[in-house]
Amino acid sequence: MDLRIFTEPQQGATYDTLLTVAKATEDLGFDAFFRSDHYLHMGGDGLPGPTDAWITLAGLARETKRIRLGTLMTAATFRLPGVLAIEVAQVDQMSGGRVELGIGAGWFDEEHKAYGIPFPKDKFSRLEEQLAIITGLWETKPGDTFSYEGRHYQLENSPARPKPAQSRLPVLIGGFGASRTPKLAARYADEFNVPFGSIEDSERQFGRVRAAATEAGRDPEALVYSNALVACVGANDAEVARRAAAIGREVDELKQNGLAGTPAEVVDKIGQYAAAGSQRIYFQILDLDDLDHLELISSQVGSQLS
């Protein structure tokens, strides 16, 4: 079971805070540091304001050495696909080949209004075209050009540069869609992620993606299946309660919907997700100043799952 750290900087975090957490992620033996891609907070004041996901990851690419770096999820509404392909490939080069692109259709209308970003109604078809363009640009052989004629985007004789450092940069797709999402994952994804879903929902959705992959003539085992879940771990009940209060959540709710409780409780819950088909866990860390939380997860949860 791979264990990764996932942050929500739009809730309030500077680049320096994210760098501190990323370095702790690396030092404590976690597999990766991921962040959301949002420009507006959801609850709280969001101070000191948003940071851009790919600018952040570019900085972290130069200041870390081992951990994977990526997004859950980059919004397809934020950037033109050709520009995004260039940005991600460049950050991958800057990291020495440690980047992964999580990408989704985009959903938060208010952040689009706040920063003047168009919020189209037909978002899923745009996501489909973005995936075709981004992967097409990366896969174009050196010396060849790439063209694309879609309903939303058109590219003509692109030199398809730069290339990622990795021969195949992993693409993550996720969500709960019953039909279109699994088919999209079967075609483009290296990993399928269920965000904040129950064990039952995860098993059902993993099954849909496996079936879609088989139907598309692809080995379902070629994909990684993962979950992102809020983390609230404590050495004892009092510590769990303190950490829950710090993020404005109730312990019982966190135990039901996330990975909360003592290390033994969390290891048991992760085991249930593993039985449902999950191979990778993203711990959503909401209190970025509590580095002791990461240390506890590493030493008391990670050590039992390694």
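Because the structure is a prediction, the values reported are computed rather than measured.

As for the packing of helix α5 (residues 123-139) against helix α6 (residues 180-188)
Right, on to step 1. Put simply, α5 and α6 touch, their axes get as near as 11 Å, and they point 5 degrees apart. Of the possible angle classes, the one that applies to α5 and α6 is roughly parallel. Contacts between α5 and α6 involve F124, S125, L127, E128, L131, A132 and T135 from the former and R180, T181, L184 and Y188 from the latter.
Right, on to step 2. In the contact of α5 with α6, the residues fall into 6 nonpolar, 3 polar and 2 charged.

Concerning the environment of R208
Right, on to step 1. When you line up the elements, R208 lands in helix α7 (residues 199-215).
Right, on to step 2. Taking the C-alpha atoms as reference points, R208 and A89, separated by 119 residues in sequence, lie 30 Å from one another.
Right, on to step 3. Discounting chain neighbours no more than four positions away, the residues touching R208 are F176, G177, A178 and P182.
Right, on to step 4. A polar contact is formed between the side chain of R208 and the side chain of Q205, at a distance of 2.9 Å.

A closer look at the pattern of salt bridges
Right, on to step 1. According to the stated counting rule, one finds 20 salt bridges in the structure shown.
Right, on to step 2. We note a salt bridge from D37 to R79, for which the minimum N-O separation is 2.8 Å. With a gap of 42 residues between them, D37 in the loop between β2 (32-35) and α2 (53-63) and R79 in the loop between β4 (74-75) and α3 (81-95) connect regions that are remote in the sequence. An identical accessibility class is assigned to D37 and R79; each is buried.
Right, on to step 3. Residues E265 and K255 are paired through a salt bridge, measuring 3.3 Å at the closest nitrogen-oxygen approach. Highlighted residues: E265 in helix α10 (residues 263-275) and K255 in helix α9 (residues 251-257), separated in sequence by 10 residues.

So, the packing of aromatic side chains
Right, on to step 1. Applying the stated rule across the entire model yields 5 aromatic pairs.
Right, on to step 2. Here W107 and F108 contribute two aromatic rings whose centre-to-centre distance is 5.1 Å and whose plane-to-plane angle is 25 degrees, an arrangement assigned as stacked.
Right, on to step 3. Using a relative accessible area of 13% as the deciding quantity, one classes F108 as buried.
Right, on to step 4. Relative to Y225, the ring of F206 lies with its centre 5.5 Å away and its plane at 65 degrees, an arrangement referred to as edge-to-face. Placement of F206 in helix α7 and of Y225 in strand β10 (residues 224-233) is noted, with a sequence separation of 19 residues between them. Side by side, F206 and Y225 carry an identical accessibility label, which is buried.
Right, on to step 5. Three or more aromatic residues joined by ring pairs form one cluster here, namely Y39, F78 and Y115.

About the criteria used
Residues numbered from 1 in each chain as written. Predicted model: local features only at pLDDT ≥ 70, side-chain atom pairs only at ≥ 80, totals over all residues. Heavy atoms only, no water. Axes fitted to C-alpha atoms, helices over the stretch in contact; angles between N-to-C directions. Helix = DSSP H or I, 4+ residues; strand = E, 2+ residues; numbered from the N terminus. Parallel < 35°, antiparallel > 145°, perpendicular 65-115°, else oblique. Contact = heavy atoms within 4.5 Å. Nonpolar A, V, L, I, M, F, W, Y, C, P; charged D, E, K, R; others polar. Polar contact = N/O pair within 3.5 Å; in protein donor to acceptor, adjacent residues only side chain to side chain. Salt bridge = Lys/Arg side-chain N within 4 Å of Asp/Glu carboxyl O. Buried < 20%, exposed > 50% of the residue type's maximum accessible area, 1.4 Å probe, protein only. Phe/Tyr/Trp six-rings, centres within 6.5 Å; stacked < 30°, edge-to-face > 60°.

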